Structure formats: C-alpha cells, structure tokens
Amino acid sequence: MKKNGFLKEVLGTSLYLLCVLIVVYLAIQFVGQRTVVKGSSMEPTLYGLDDGNPDKVGDNLIVDKFTYRFSDPKRFDIIVFPYQYSEEYYIKRIIGLPGEIVQIDMEGNIYINGEVLREGYGKEIIKNPGMAIEPIQLGEDEYFVLGDNRNNSQDSRFPDVGNIHKSEIVGRAWIRIWPLNRFGVLKHQ
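Notes on the structure follow.

So, on to the overall build of the protein chain. When you go through the protein chain residue by residue, the secondary structure sums to 1 helix and 12 strands. Mapped from its N terminus to its C terminus, the protein chain presents α and β elements in the order α-β-β-β-β-β-β-β-β-β-β-β-β. Buried residues in the protein chain amount to 40% of all 189 residues. Here the analysis covers contacts within the protein chain between residues at least 6 apart in sequence; of these, 64% occur between residues at least 24 apart.

Strand order in this open sheet of 4 strands is β7-β6-β5-β8, and the pairing throughout is antiparallel. Each having just a single partner strand, β7 (115-116) and β8 (136-137) make up the two edges of the open sheet.

It is worth spelling out the environment of Pro 179 at this point. Following the sequence through the fold, Pro 179 ends up in the loop between β11 (171-178) and β12 (184-185). A residue is classified by how much of its surface remains accessible, and Pro 179, at 14% relative accessible area, is buried. The spatial distance from the C-alpha of Pro 179 to the C-alpha of Gly 58 is 8.0 Å, given a sequence separation of 121 residues.

What follows deals with a nonpolar patch on the surface. On the surface, a nonpolar cluster with roughly 380 Å² of combined accessible area is contributed by Leu 11, Leu 15, Leu 18 and Ile 22. As for its position among the elements, Leu 15 is in helix α1 (residues 2-31). Residue classification places Leu 15 among the partly exposed positions, given a relative accessible area of 48%.

With that out of the way, let us pick up the environment of Glu 119. Mapping Glu 119 onto the fold places it in the loop between β7 and β8. For Glu 119, a relative accessible area of 25% puts it in the partly exposed group. Among all residues touching Glu 119, those that are not within four sequence positions of it are Phe 76, Ile 110 and Arg 150. Engagement of the side chain of Glu 119 in a polar contact is seen with the backbone nitrogen of Tyr 121, the distance being 3.2 Å. Of the polar contacts made by the side chain of Glu 119, one reaches the side chain of Arg 150; its length is 3.1 Å.

Here the distance between the centres and the angle between the planes together describe a pair of aromatic rings. Under the criterion given, the structure shown has 4 aromatic pairs. Centroid distance Phe 81 to Tyr 90: 6.0 Å. Interplanar angle 70°. Geometry classified as edge-to-face. Just as Phe 81 is buried, Tyr 90 falls in that class too. Residues Tyr 83 and Tyr 90 carry aromatic rings whose centres are separated by 4.6 Å and whose planes lie at 10° to one another, so their mutual orientation is stacked. Across the pair, exposure class does not vary: Tyr 83 and Tyr 90 are buried alike. Each member of the aromatic cluster is reached from another via a ring pair, and the members are Phe 81, Tyr 83 and Tyr 90. Over the ring of Tyr 90 we find Lys 92, and its NZ or CZ is 5.0 Å from the ring centre. Over the ring of Tyr 121 we find Arg 93; its NZ or CZ atom is 3.5 Å from the centre of that ring.

Procedures and definitions
- Residues numbered from 1 in each chain as written.
- Predicted model: local features only at pLDDT ≥ 70, side-chain atom pairs only at ≥ 80, totals over all residues.
- Heavy atoms only, no water.
- Helix = DSSP H or I, 4+ residues; strand = E, 2+ residues; numbered from the N terminus.
- Buried < 20%, exposed > 50% of the residue type's maximum accessible area, 1.4 Å probe, protein only.
- Contact = heavy atoms within 4.5 Å.
- Pairing = 2+ DSSP bridges.
- Patch = residues over 30% accessible without salt bridge, like charges linked within 9 Å, V, L, I, M, F, W, Y side chains within 5 Å.
- Areas by Shrake-Rupley, 256 points an atom, 1.4 Å probe, with all protein chains shown as cover.
- Salt bridge = Lys/Arg side-chain N within 4 Å of Asp/Glu carboxyl O.
- Polar contact = N/O pair within 3.5 Å; in protein donor to acceptor, adjacent residues only side chain to side chain.
- Phe/Tyr/Trp six-rings, centres within 6.5 Å; stacked < 30°, edge-to-face > 60°.
- Lys NZ or Arg CZ within 6 Å of the ring centre and 35° of its normal.

Laid out in structure tokens, this is it:
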C-alpha cells in the first residue's frame, strides 16, 4: 500500500512539474521574455551594460510579445528586434510608421511627411542623418526606428539596420525589472 501511494505522489508531482514547464514555455514563447540592454543607444531612457565597466548594470526588461498580435506598433513605442548580422537584439524607438516619408535634415530635424516631428526623446541633436538625408518612403509594413541617444546609435539611418518590418519585431519593451531603483513600466507615448 505504501509503495502504491509513493508512486501516486511521484506521478502527481511529475504531472504538476510538466504543467508548470508547459505554462512557462508558452509564456516565454507568446507573452513575454526577459532581455538585458547593452550599450548606450537608448540613454537616457534605458541604460545598457558596459562591457568595459563590470560595475555598470544594464537595465533588465520584460518584453511584451502579446500586444502586437492584436494591434499595430505606434509612434514612440520602444521595440525589440533581432539585428540581422548577429545573434543580438536591438532596442529602439519607433519614429516612422508604415506608408510615411521620413527625412532628417543637417540641423537634426526629423520630418514625417514633410512636417517637423515634435518629440522629446532624443538625447541631443542628430549630427549624422545617414540615409535619411534623402526622403525614405516606408512600405506598408515598415517602421523607421531611432535610438534615444541619437549620436551613439545604429538605427534605421544606416543600411545595416534599415527599416524594420513588422514581422521582425519581437515585441514592445514593457517593464524594467532591474535595477530595482529604476523598476517600473516604461513610458512610450
């Protein structure tokens, strides 16, 4: 009788652990994932891990992978997408939306469809407009992204990043979970 009860308990615990693993897998696959910010391209909004300074801790984020299944990304959303030439993920802010024309002049002004974009996310005036010195027409599923640290960011201004297709977007940066003194939901709009 004791052996039978022990087997039931082992089986019950095993099924419980299997269910937990399935729920965790589904949550990571379809709902959210953790990512660590590297580099300074999103400062002062997000702070990255500094490879040269082991004391500098990168912001740890939870990325919402669920929202964009039911709605389109919006201007100023902070998104995560894979960099096409490595295993890294980039974190940038959406500036241009599908169908829009984006241009940046030599004074650092950003134009959307010929109108100056009013925004306060850039750390400083853009010194290098890159490819955006000429008007960039976004396709029906393309987004133009910039880092908040405009002069220290590889973003849509440069051909190695370019425009981001909606299918490439992993999700929207949602909550900063570490370090605790900066814990909170991220401001997008």
